[in-house]
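Examination of the molecular architecture
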Amino acid sequence: MRGLKLAYGIAIAAVFFLLLSPRTSEAAPACGDPAKVMQGLESKYHEVPVAEGVTPNGQRIVVLVSPVGQTFTILLQIPNGPACLVTSGEAWQELEIKFKGPGA
């Protein structure tokens, strides 16, 4: 159950980050076949999916992180379509999720 809460927390944090972050470039995002994009990230940076979520319009958000958080990537996948790089960076850190209230 803790793992599920952690995954939801990471996905929610990623969505808020994406919604609040200014675009640094007006260039079109890099997109491609989801399996090939993730294979490339695993091959080049050793990143693997650690969290995912689905937006209200059916898009899938995937967070990939390298073994000890040296690098991370956030992808957005269109339903039955390409996966697009939203952002990437360094020094990913997992935070302890502290849910409160009933059902926590």
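Before reading further, recall that the structure is shown in the block above.
Residues numbered from 1 in each chain as written. Predicted model: local features only at pLDDT ≥ 70, side-chain atom pairs only at ≥ 80, totals over all residues. Heavy atoms only, no water.

**Here we look at the sheet that holds strand β2 (residues 48-54)**
- Overall, antiparallel pairing links the five strands, which are arranged β1-β5-β4-β3-β2 in an open sheet. Looking at which strands have only one partner, the edges of the open sheet turn out to be β1 (31-32) and β2.
- Sheet topology places strand β3 (residues 60-65) next to strand β4 (residues 71-77); six bridges connect them, and they run antiparallel. Opposite Val 63, over in β4, you have Ile 74 as the bridge partner. (Pairing = 2+ DSSP bridges. Helix = DSSP H or I, 4+ residues; strand = E, 2+ residues; numbered from the N terminus.)

**Let's talk about the environment of Gln 77**
- Examined against the element boundaries, Gln 77 turns out to sit in strand β4.
- Sequence-wise, Gln 77 and Gln 59 are 18 residues apart; in three dimensions their C-alpha atoms are separated by 5.6 Å.
- Beyond its immediate stretch of four places on either side in the chain, Gln 77 contacts Pro 34, Gln 59, Arg 60, Pro 82 and Ala 83. (Contact = heavy atoms within 4.5 Å.)

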